[in-house]
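Given next are the chains, with one letter for each unit.
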Amino acid sequence: MKFEINGNKQSLEANFTIDANELVIKTGGNELRFEAIQVQPGVYSVLMNNRSFVVGVCPSEVNRVNVNGTPINLELLDAVHLHLRELGWDALKEVKAGLISAQIPGLVTKIFHAPGDAVKEGDPLFLIEAMKMENEIKSPVSGTVKRIGVTEGQTVEKGTNIIEIV
Amino acid sequence: MFKKILIANRGEIALRVMRTCREMGIEVVAVFSEADRTAPHVLFADEAYHIGSAPSTESYLNYKKILEVARESGAEAIHPGYGFLSENTDFASEVSRAGIVFIGPPASAIKIMGDKTMARQTMLKTQVPVVPGTEEPIADISKALKVAEEIGFPVLIKAAGGGGGKGMRIVNSSDEFEDAVGKAERESQSAFGDGRVYVEKYLEEPHHIEFQILADTHGNIIHLNERECSIQRRYQKVIEESPSPFIDDDLRSKMGQAAVETAESCKYIGAGTVEFLVDKHRNFYFLEMNTRLQVEHPVTEMVTGIDLVAEQIRIASDQPLSIKQSDISSTGHAIECRIYAEDAANDFAPSTGEIVMLQIPDGAGTRFDGAIRQGIEITPYYDPMLGKLICWAKDRDSALNRSERALREFYIGGIETTIQFCRSVVRHPVFRDGTYDTHFYTNFREELHADLAASTDEVLLVAGGSLFHHQNQIKHSSNSSDSTKKTRSNWVSAQLGRNV
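In this text the structure is predicted, and so the values were computed from the model without any measurement. (Residues numbered from 1 in each chain as written. Chains lettered and ligands numbered in written order. Predicted model: local features only at pLDDT ≥ 70, side-chain atom pairs only at ≥ 80, totals over all residues. Heavy atoms only, no water.)

J.: Even after reading the chapter, I still don't get the packing of aromatic side chains, so can you show me in this structure?
T.: What describes a pair of aromatic rings is the distance from one ring centre to the other and the angle between the planes of the rings. All names here are of chain B. The tally for this structure, following the rule as stated, stands at 19 aromatic pairs over all chains. Ring centres 5.4 Å apart and planes at 85° place the aromatic pair Phe-276 and Phe-284 in the edge-to-face group. Exposure class is identical for Phe-276 and Phe-284. Each is buried. Following the ring pairs from residue to residue traces out a cluster consisting of Tyr-60, Phe-84, Tyr-381 and Tyr-382. The positively charged end of Arg-233 is found above the aromatic ring belonging to Tyr-340, 5.0 Å away from the centroid. (Phe/Tyr/Trp six-rings, centres within 6.5 Å; stacked < 30°, edge-to-face > 60°. Buried < 20%, exposed > 50% of the residue type's maximum accessible area, 1.4 Å probe, protein only. Lys NZ or Arg CZ within 6 Å of the ring centre and 35° of its normal.)

Structure, rendered in structure tokens:
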């Protein structure tokens with residue numbers, strides 16, 4: 001599978017293939033053997049061609065990865081996403097569909113739905129107030145509200161799960 | 001000597017004080033808020049008492065309740081740590097009135113040094129230099145010019161009615177003076193509705209250097225050399241070291257003398273810190289005195305080998321100091337990095353959440369004073385400082401290398417911290433050269449943040465591979481109960497946020 005990796009103003013193309021328990025990464029004529037073992041939820045010990053790294057994948061932000069302490073805002077685009085991007089779609093929204101979390105810390109002032117409600121893509125889901133500005137969050141998908149993790153009037157951190165739609 | 005001490009604090013400093021108490025054979029009493037029932041200081045203590053709800057005004061600042069606990073537990077003394085009640089004169093007096101020993105200076109000394117104008121007036125009566133300037137706002141321009149000429153240019157025109165750099169002008173010579181005063185007055189008027197300005201000496205490339213002092217009830221006062229604290233952001237210290245790479249033995253001895261004189265001037269007893277500003281010509285000026293144990297005290301402990309908390313307790317029980325001035329020597333070099341739960345890349349915004357993984361550095365010369373463990377929730381109620389990493393080595397270069405090594409080893413997963421920011425500082429060439437001043441962060445802000453975000457192709461590949469692996473693992477296990485377990489933590493923390 002071909003991927004484009006974007007992070008901290010750098011970009012790389014690489015090909016990922018799964019070979020038994022290992023991941024083989026091909027890039028710029030090099031072949032790298034990548035092995036990751038989870039040591040804690042979201043924390044991996046990585047050996048890439050026997051070079052050792054500790055990698056943290058942020059539980060609340062899908063695209064934030066920390067390698068040996070260096071935080072990277074990562075974008076991992078596969079062939080489908082690359083094609084969609086060419087067509088003008090935002091690939092990242094696709095990845096996050098279904099589980100809607102707070103993108104900013106703030107106060108949840110209004111939730112428009114209850115578990116079991118059917119929602120259509122584009123329906124308003126909740127209002128979040130941050131720095132005296134009210135933001136309406138719309139549903140990225142159509143489906144049924146599975147659960148709601150907060151109540152109205154609750155202050156949330158960035159990354160807090162608000163609504164899950166299945 | 002006391003048999004039991006109550007520690008009126010939480011977090012790393014509560015634990016720090018308790019450790020020394022236990023080594024001295026003294027029992028320790030903890031107090032805790034509703035949010036801190038399982039906090040490290042509660043687990044460490046011999047006794048622990050609930051004192052109120054999570055906000056500190058309802059708990060750690062509620063001194064009537066803390067005094068009740070002291071009586072109930074039979075504690076003979078109270079150590080206030082830093083922050084909270086440590087510089088509260090009412091608390092210090094109430095504790096004494098209750099027949100309990102306050103481990104800190106007399107209320108009168110806290111009062112003098114706590115009020116900046118009173119402190120300045122007290123210091124003007126001594127030989128200790130204070131930053132020269134006009135005491136009153138400028139009424140007569142020719143009189144003000146005369147003062148400026150006496151002080152020597154450059155001088156600073158500052159707004160009397162507010163801060164933040166508004167209404168401030170640096171004046172390099174007497175012919176610029178009148179014009180600059182006019183501009184500063186107009187700017188102050190529009191910014192604060194108050195056009196009054198005053199003159200102060202402009203300190204070029206200032207250093208923030210402080211001296212640790214110890215004073216007992218038998219009239220002995222000594223200083224334990226300096227700590228260089230010029231690495232700050234938003235007026236808050238991030239990294240401190242001792243010895244200062246900026247001052248020599250001669251200046252050290254003069255400043256040490258001034259620190260002792262400062263302590264004498266307010267009849268100080270206990271451990272305290274005298275802060276100075278030092279300009280690039282190595283002129284020093286009294287800034288303020290902190291009448292408590294400082295956050296950065298371990299830097300001094302590492303180079304002098306003296307346990308400052310033990311000395312505080314001895315002084316409070318009327319024992320004479322265990323050391324004389326001539327016994328004080330500094331060995332090697334110590335650097336402290338403060339680890340805050342903050343997102344350095346996002347203007348140091350506080351970061352809260354669960355610590356999902358924790359690896360604290362150890363090995364030779366590496367000390368961590370903290371109060372964290374895996375699974376603990378960092379709440380928005382208290383100071384965002386998680387702890388302090390103090391590295392000691394035989395010389396400054398080795399201490400820098402050791403700090404960088406230890407910071408690389410340090411891993412806190414689940415929240416943002418200043419670990420990487422500190423790493424960017426300790427490997428910055430200007431910091432390594434020791435030629436930095438208090439403008440370091442402002443001057444090198446962009447370089448530091450660029451270093452923070454720098455990654456190689458290799459790192460980017462590791463990141464991409466890990467994310468791919470992570471997402472695939474989640475996809476593979478999406479039908480098993482494991483996936484609920486994995487996503488659970490986010491929901492749990494959201495719900496915790498509601499309850500506390």
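J.: Sorry if this is basic, but what is going on with the side chain of His-41 of chain B here?
T.: Residues and elements named next belong to chain B. Checked against the element boundaries, His-41 lands in helix α2 (residues 40–44). On the basis of relative accessibility, which here comes to 1%, the residue His-41 falls in the buried class. When sequence neighbours within four positions are dropped, the list of residues in contact with His-41 reads Asn-9, Arg-10, Gly-11, Ala-14, Leu-15, Met-18, Ala-30, Val-31, Phe-32, Asp-36 and Tyr-60. (Helix = DSSP H or I, 4+ residues; strand = E, 2+ residues; numbered from the N terminus. Contact = heavy atoms within 4.5 Å.)

J.: Quick question: what am I supposed to make of the confidence of the model for chain B here?
T.: Low-confidence regions, as indicated by low pLDDT, have predicted coordinates that should not be scrutinised in detail. Residues and elements named next belong to chain B. For chain B, per-residue confidence averages 90 on the pLDDT scale, and 94% of positions sit at 70 or higher. Below pLDDT 50 for its whole length, residues 479–500 participates in 33 contacts with residues either more than four positions away or in separate chains. Interface confidence in the predicted complex, given as ipTM, is 0.73; pTM for the same model is 0.80. (pLDDT = per-residue confidence, 0-100.)

J.: Would you mind going over the interface of chain B and chain A with me for this structure?
T.: Note: interface size is frequently given as the accessible area lost on complex formation between the parts. Contact residues are listed per partner, giving 39 residues for chain B and 63 residues for chain A. When chain B packs against chain A, the two sides together hide about 4,300 Å² of surface, and 63% of this comes from carbon and sulfur. Viewed at the interface, chain A and chain B are joined by 2 salt bridges. Two residues, Arg-64 of chain A and Glu-416 of chain B, come together in a salt bridge whose shortest N-O distance is 2.8 Å. Here chain B and chain A share 11 residue pairs in polar contact (both at pLDDT 80 or more) between them. (Buried area = accessible area lost by both parts, 1.4 Å probe. Salt bridge = Lys/Arg side-chain N within 4 Å of Asp/Glu carboxyl O. Polar contact = N/O pair within 3.5 Å; in protein donor to acceptor, adjacent residues only side chain to side chain.)

J.: Looking at this structure, I do not really get the sheet that holds strand β1 (residues 4–7) of chain B. What am I missing?
T.: Working definition: the strands of a sheet are paired by backbone hydrogen bonds and lie parallel or antiparallel to each other. Residue and element names in this part refer to chain B. Ordered by their spatial adjacency, 5 strands build an open sheet running β3-β2-β1-β4-β5, and the pairing between neighbours is parallel. The sheet is open, and its two edges are formed by β3 (47–52) and β5 (101–102), each paired on a single side. Here strand β2 (residues 27–33) runs beside β3; their pairing, made up of 5 bridges, is parallel. Across the sheet, the residue bridging to Val-29 is Glu-47, located in β3. (Pairing = 2+ DSSP bridges.)

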